[in-house]
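# Coordinates in review
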Amino acid sequence: LVVVNNHILTRRVFQQEVEQAGAALYRQFSGKELDDKLRDAREQVLQTLIDSFLLQDKSVDLGIQVTDEHLAQIVENIKRDNQFQSDADMEQALRTSLGIGMKEYLKRTKEKMLQQEVLRQEVFSRVAIEDQELRAYYEDHKDEYRQPSRFRIRELVLPKGATPEEQQATKAKLDGILDALKSGRSFPDLVKEHSASPTRDLGGDLGWMTKGLLVAPVEAAAQALKVDQVSAPIETDKDIYLIQLVASDLDAVRSFQEMRAQILEKLQEPKAQNAIENYLSGLRARANIRYMVPKDQILKG
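Let us look at the structure shown here.

The rules behind the values
- Residues numbered from 1 in each chain as written.
- Predicted model: local features only at pLDDT ≥ 70, side-chain atom pairs only at ≥ 80, totals over all residues.
- Heavy atoms only, no water.
- Salt bridge = Lys/Arg side-chain N within 4 Å of Asp/Glu carboxyl O.
- Buried < 20%, exposed > 50% of the residue type's maximum accessible area, 1.4 Å probe, protein only.
- Helix = DSSP H or I, 4+ residues; strand = E, 2+ residues; numbered from the N terminus.
- Core = buried A, V, L, I, M, F, W, Y, C linked by side-chain atoms within 4.5 Å.
- Contact = heavy atoms within 4.5 Å.

For the coordinates displayed, the defined rule picks out 21 salt bridges. As a salt-bridge pair, Lys 79 and Asp 87 come within 2.9 Å of each other at their nearest N and O atoms. Judged by its relative accessible area of 42%, Asp 87 falls in the partly exposed class. Among the ionic pairs, Lys 271 bridges to Glu 133, the shortest N-O distance being 3.5 Å. Placement of the pair is Lys 271 in helix H10 (residues 256-286) and Glu 133 in helix H6 (residues 131-140), with a sequence separation of 138 residues. A cluster of three or more residues bridged by salt bridges with shared partners is formed by Glu 17, Glu 104 and Arg 108.

Right under this line is the structure:
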């Protein structure tokens, strides 16, 4: 449809982006407002795609790079925050929610990061925001920076047993474990000796678990423990648990320094809208943009 410098915008890519934009609008609007938004969507998508090519080219001129290591860290952060156990889990979630795989997601993420960095260097960096204004915004919006409560615990799991004999043997084993703890034995060592859980070889370490994912009585016990403290026995329908709290983040709020760059960008953006449009207009004027299909025909669909 359009050639932008050395980039080609195909009908297929354009239509995919229009469909995604339309689906988002259907979720947010209805009636006349929806009709108006849909009418403008094709032109907005077309301009955004053209501008994205221009910003990519500018990122090359400025020597901006996004390393594979940086992208890998983003993936790990997403997996951690969403409790994905593997790349395959994340791939499946991406295909379900966005209709794309990991490779395409990383490609789009890299392009977006390059574009954002161009705007940061060329536009946002020239929009001054006083530190006092940043701190005031942080204080007024602290709830936005609150992290979900989470726990990291070790577990020792003993099956209760089905028969009276098995239950008696479990009780005897539990008493022996409690005595060993009182005498100073390491909880992870006892887990490796006695636990029936798949986490046995890891010393019972479950890793970070977001509040709401643990079995209710286990979570309640974790909230009451201090770091390194071991709980009293916790009974569920089939098992008896002992847990040790490794670490916890309860109602933690990310610090101002952690959020400063994000707040700065948020406050700069509305003040920079005119500057952004002027900057993009300059890029368009200097670019080689050729419509292989008349623009009005592209917009009509």
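Further notes follow.
Before going further, it helps to spend a moment on unusual backbone geometry. In this structure, Asn 5 takes a positive phi of about 55° despite not being glycine. Relative to the helices and strands, Asn 5 resides in the loop between strand E1 (2-4) and strand E2 (7-9). The class of Asn 5 is partly exposed, set by a relative accessible area of 26%. Even without being glycine, Asp 228 reaches a positive phi, approximately 80°. Along the polypeptide, Asp 228 turns up in the loop between helix H9 (216-224) and strand E5 (234-235). Classification of Asp 228 as exposed rests on a relative accessible area of 52%.

What follows covers the nonpolar core. Side chains of nonpolar character tend, in soluble globular proteins, to be buried together. In terms of nonpolar packing, the biggest core is built from 39 residues, with Val 2 and Phe 14 touching the most fellow members. Secondary-structure elements contributing two or more residues to this core are E1, helix H1 (11-28), helix H2 (31-61), helix H3 (68-81), helix H4 (87-97), helix H5 (102-122) and H10. When residues in this core are grouped by element, the largest group, seven residues, is from H2. Beyond its immediate sequence surroundings of up to four residues, Val 2 is in contact with His 7, Ile 8, Leu 9, Leu 46, Ile 50, Ile 289, Arg 290, Tyr 291, Met 292 and Ile 298. With 13 residues, the next largest nonpolar core counts Val 157, Leu 225, Ile 243 and Leu 245 among its residues.

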